[in-house]
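What follows is the residue order along each chain.
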Amino acid sequence: RKDGKLTTRKVDATGAIAYSGDAAVDGKVKNAVEMMHRLGNADRARQSFIRHLFRYFMGRNEMLSDSQTLIEAERAYLDNDGSFKALVVSLLSSDSFLYRR
């Protein structure tokens, strides 16, 4: 404004999640917090996060022979209430990591 005073404006924070591959995740959301919660509780998002962490630590994409490592990493994460530490320990103590090429 010309007089130097700040004014407030309404912000439309609505949005939608589309093409996630999970009908329970897709749909309209009221705001970013609702979107984070919906994605945070999605199996596919969790598995994607674990897969990308695997790729970071291994320095390569996963192969079919790594499937047991990924299954065990997800189990460690879930069994420890979403512990990032348990996930990292599982990956770094796996055969995929110890015998990586």
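The present account deals with the structure reproduced in this document. (Residues numbered from 1 in each chain as written. Predicted model: local features only at pLDDT ≥ 70, side-chain atom pairs only at ≥ 80, totals over all residues. Heavy atoms only, no water.)

1. So, the overall build of the protein
Thought 1: When helices and strands are tallied, the protein shows 5 helices and 2 strands.
Thought 2: Along the protein, from the amino end to the carboxyl end, the secondary structure elements read β-β-α-α-α-α-α.
Thought 3: Expected size for 101 residues packed as a compact globule is a radius of gyration near 13 Å; at 20 Å, the protein overshoots this value by more than 25%.
Thought 4: On the principal axes, the C-alpha backbone points of the protein span a range of 65 × 35 × 25 Å.
Thought 5: When the 101 residues of the protein are sorted by exposure, 25% land in the buried category.
Thought 6: Within the protein, contacts between residues at least 6 apart in sequence are counted, and of these 32% link residues at least 24 apart.
Thought 7: Taken as a whole, the protein presents about 7,900 Å² of accessible surface, with 54% of it coming from carbon and sulfur.
Thought 8: Averaged over its 17 positive side-chain charges, the protein has a centre that lies 10 Å from the centre of its 13 negative ones. (Helix = DSSP H or I, 4+ residues; strand = E, 2+ residues; numbered from the N terminus. Rg over C-alpha atoms; globule rule 2.2 N^0.38 Å. Buried < 20%, exposed > 50% of the residue type's maximum accessible area, 1.4 Å probe, protein only. Contact = heavy atoms within 4.5 Å. Areas by Shrake-Rupley, 256 points an atom, 1.4 Å probe, with all protein chains shown as cover. Lys, Arg positive; Asp, Glu negative; His and termini not counted. Charge placed at Lys NZ, Arg CZ, Asp CG, Glu CD.)

2. Thoughts on helix 4 (residues 84-92)
Thought 1: Taken residue by residue, helix 4 has Ala 86, Leu 87, Val 88, Ser 90 and Leu 91 as its buried positions.
Thought 2: Looking at the buried residues of helix 4, the elements they touch are helix 2 (43-58), helix 3 (67-79) and helix 5 (95-98).
Thought 3: Near the N-terminus of helix 4, the side chain that reaches the backbone nitrogen of Lys 85, with its oxygen 3.4 Å away, is that of Ser 83. (Polar contact = N/O pair within 3.5 Å; in protein donor to acceptor, adjacent residues only side chain to side chain.)

3. Things to note about the packing of aromatic side chains
Thought 1: Taken as a whole and judged by the stated rule, the model has 2 aromatic pairs.
Thought 2: The interplanar angle of 45° and the centroid separation of 6.2 Å between the aromatic rings of Phe 49 and Phe 84 together place this pair among those described as tilted. Pair noted here: Phe 49 is in helix 2 and Phe 84 is in helix 4, with a separation of 35 residues, a long-range link.
Thought 3: Look at Phe 49 and you get partly exposed, because its relative accessible area is 39%.
Thought 4: Residue Phe 84 is classed as partly exposed on the basis of its relative accessible area of 44%.
Thought 5: Relative to Phe 57, the ring of Tyr 56 has its centre 5.3 Å away and its plane inclined at 75°; by these criteria the two rings are edge-to-face.
Thought 6: Relative accessible area serves as the criterion here: at 66%, Tyr 56 is assigned to the exposed category.
Thought 7: Phe 57 sits in the partly exposed class, given a relative accessible area of 25%. (Phe/Tyr/Trp six-rings, centres within 6.5 Å; stacked < 30°, edge-to-face > 60°.)

4. Topic: the packing of helix 2 against helix 4
Thought 1: The interhelical angle for the contact between helix 2 and helix 4, taken along N-to-C directions, is 50°, at an axis separation of 11 Å. Regarding the angle of helix 2 to helix 4, the classification is oblique. Once helix 2 is placed against helix 4, the crossing between them reads as right-handed. In this structure, helix 2 contributes Phe 49, Ile 50, Leu 53, Phe 54, Phe 57 and Met 58 to the contact, and helix 4 contributes Phe 84, Leu 87, Val 88, Leu 91 and Leu 92.
Thought 2: Taken together, the residues that form the contact of helix 2 with helix 4 break down as 11 nonpolar, no polar and no charged. (Axes fitted to C-alpha atoms, helices over the stretch in contact; angles between N-to-C directions. Parallel < 35°, antiparallel > 145°, perpendicular 65-115°, else oblique. Left-handed = near helix turned anticlockwise from the far one by under 90°. Nonpolar A, V, L, I, M, F, W, Y, C, P; charged D, E, K, R; others polar.)

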